[in-house]
Amino acid sequence: DTEVTQTPKHLVMGMTNKKSLKCEQHMGHRAMYWYKQKAKKPPELMFVYSYEKLSINESVPSRFSPECPNSSLLNLHLHALQPEDSALYLCASSRPSGRLNNEQFFGPGTRLTVL
Amino acid sequence: KNEVEQSPQNLTAQEGEFITINCSYSVGISALHWLQQHPGGGIVSLFMLSSGKKKHGRLIATINIQEKHSSLHITASHPRDSAVYICAVQETSGSRLTFGEGTQLTVNP
């Protein structure tokens with residue numbers, strides 16, 4: 001299994017809602033990533049988990065809350081989002097960082113619209 | 001100046017043409033990635049390079065570490081190749097990727 005899956009594919013939410021994005025991989029990767037991508041722009045790194053511990057938080061607002069409950073799963077909890085948070089949210093996984101070249105495998109993304 | 005620069009930003013070609021997309025970077029890297037993204041879609045990794053050249057089907061990627069430059073070539077282009085192609089470098093300090101702005105390729109039949 002060389003796939004990263006993400007659910008849901010599309011999500012529309014109001015500014016007062018609480019929702020979660022889910023990412024799953026079964027490649028034995030121990031590094032997992034959340035990216036945000038606005039239209040016609042490259043992905044922006046949000047969070048990195050390494051061995052289920054948060055290793056990088058790119059100064060993301062607290063209305064985004066990541067969680068890595070086990071080595072295969074990565075969640076992104078959303079609360080009180082703003083319309084400007086509407087974007088494609090991409091998950092990726094790789095072997096953990098180090099001096100090795102670690103290819104990142106990306107999921108199909110969740111298209112989020114905040115009304 | 002961006003750490004990763006791609007050219008051209010937009011490219012339109014006729015089916016069958018040979019296509020080249022260029023990527024220059026200014027940081028020390030352990031690997032360079034070429035990625036493909038179709039409209040509204042997720043990202044597919046095409047190549048990961050640390051030296052030399054790699055070929056997969058009609059796609060060829062080369063890298064010159066001394067000159068800090070990489071190229072992605074598509075031979076016998078086809079409309080299904082229409083997508084955004086993104087160059088990303090993996091810095092020597094870890095697994096973080098630094099992305100270029102992408103090249104929008106349109107191949108007309």
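Keep in mind the model is a prediction, meaning the values are calculated, not measured.

Q: Which parts of the structure should I look at to understand the sheet that holds strand 7 (residues 59–64) of chain B?
A: The strands making up a sheet associate through backbone hydrogen bonding, with each pair oriented either parallel or antiparallel. Residues and elements named next belong to chain B. Taken in spatial order, the 5 strands line up as 1-3-8-7-6 in an open sheet, and their pairing is antiparallel. Bordering the open sheet on either side are strand 1 (4–7) and strand 6 (52–56), each of which pairs with just one other strand. Neighbouring strand axes in the sheet, compared pairwise and without regard to direction, differ in orientation by 15° on average. Here strand 1 runs beside strand 3 (residues 19–25); their pairing, made up of 4 bridges, is antiparallel. By the bridge assignment, Ser-7 is partnered in strand 3 with Asn-22.

Q: Can you walk me through the pattern of salt bridges in this structure?
A: Think of it this way: side chains of opposite charge can pair up when their charged atoms draw near. Residue and element names in this part refer to chain A. Under the definition given, this model contains 7 salt bridges over all chains. Note that Arg-30 is salt-bridged to Glu-52, the shortest N-O span being 2.9 Å. Note that Arg-30 is positioned in the loop between strand 3 (18–25) and strand 4 (31–37) and Glu-52 in the loop between strand 5 (44–50) and strand 6 (53–57), a separation of 22 residues in sequence. Using a relative accessible area of 29% as the deciding quantity, one classes Arg-30 as partly exposed. Among the residues examined, Glu-52 registers a relative accessible area of 27% and is labelled partly exposed. For Arg-63, the salt bridge goes to Asp-85, with nearest N and O atoms at 2.7 Å. Here Arg-63 is found in the loop between strand 6 and strand 7 (64–70), whereas its partner Asp-85 is found in the loop between strand 8 (73–79) and strand 9 (87–94), with 22 residues between them in sequence. With relative accessibility at 24%, the residue Arg-63 sits in the partly exposed group. Salt bridges linked by common partners bring Lys-36, Arg-63 and Asp-85 together as one network.

Q: Honestly, the sheet that holds strand 8 of chain A in this entry has me stumped. Any pointers?
A: All names here are of chain A. As summarised here, the arrangement of the 4 strands in space is 1-3-8-7, forming an open sheet in which the pairing is antiparallel. Edge strands, defined here as strands with exactly one partner in the open sheet, are strand 1 (4–7) and strand 7. Neighbour-to-neighbour, the strand axes of the sheet open up by a mean angle of 20°, direction not taken into account.

Q: Help me understand the state of the cysteines in this model?
A: One way to say it: the disulfide is the covalent bond shared by the sulfur atoms of two cysteines. For the structure on display, the rule yields 2 disulfides over all chains. Covalent S-S linkage joins Cys-23 of chain A and Cys-91 of chain A, the inter-sulfur distance amounting to 1.9 Å. Measuring the twist about the S-S bond at about -70°, one finds the Cys-23 of chain A-Cys-91 of chain A disulfide to be left-handed. Of this pair, Cys-23 of chain A sits in strand 3 while Cys-91 of chain A sits in strand 9; the two residues are 68 residues apart in sequence, bridging distant segments of the chain. Accessibility classification places Cys-23 of chain A together with Cys-91 of chain A in one group, the buried group. Each sulfur of the disulfide joining Cys-23 of chain B and Cys-87 of chain B lies 2.0 Å from the other. Disulfide Cys-23 of chain B-Cys-87 of chain B: torsion about the S-S bond near -65°, hence left-handed. With Cys-23 of chain B in strand 3 and Cys-87 of chain B in strand 9 (residues 83–91), the pair connects residues that are 64 residues apart, well separated along the chain.

Q: Is there a simple way to explain the pairing of strand 9 of chain A in this structure?
A: Two faces belong to every sheet, and in a regular strand the side chains alternate between them. Residue and element names in this part refer to chain A. The buried count for strand 9 comes to 8 of 8 residues, which makes it a mostly enclosed element. The sheet contact formed by strand 9 and strand 10 (residues 105–106) spans 2 bridges and is antiparallel. The residue bridging Ala-92 from the neighbouring strand is Phe-106, located in strand 10.

Q: How should the pairing of strand 4 of chain A be read in this particular structure?
A: All names here are of chain A. Buried residues dominate strand 4, accounting for 7 of its 7 residues. Burial along strand 4 is two-sided: the face carrying Ala-31, Tyr-33, Tyr-35 and Gln-37 and the face carrying Met-32, Trp-34 and Lys-36 are both buried. The hairpin formed by strand 4 and strand 5 contains 6 residues between the paired strands, and Lys-40 there has a positive phi angle of roughly 60°. In the sheet, strand 4 pairs with strand 9 via 7 bridges, with the strands oriented antiparallel. Paired with Met-32 across the two strands is Ser-93, which belongs to strand 9.

Parameters and conventions
- Sequence order as written defines residue numbering, which begins from 1 separately in each chain.
- Throughout, the order in which chains and ligands are written sets their labels, letters from A for the former and numbers from 1 for the latter.
- Residues qualify for local features only when their pLDDT is at least 70, as the model is predicted, and side-chain atom pairs are given and counted only at 80 or more; totals for whole chains, interfaces and linings, by contrast, use all residues.
- As a rule here, side-chain values come from all non-hydrogen atoms in the structure, and water together with hydrogens is ignored.
- We call two strands paired when DSSP finds no fewer than two bridges between them.
- Think of it this way: any DSSP run of H or I at least four residues long counts as a helix, any run of E at least two long counts as a strand, and we number them from the N terminus.
- Every axis corresponds to a line fitted to the C-alpha atoms, with the helix fit spanning only the stretch in contact, and the corresponding angles, defined between N-to-C directions, vary from 0 to 180 degrees.
- A carboxyl oxygen of Asp or Glu within 4 Å of a side-chain nitrogen of Lys or Arg is what we treat as a salt bridge.
- Only protein chains enter the accessibility calculation, which uses a 1.4 Å probe. A residue is then buried if its area is under 20% of the maximum for its type, exposed if over 50%, and partly exposed in between.
- When two cysteine sulfur atoms are found within 2.5 Å, that pair is recorded as a disulfide.

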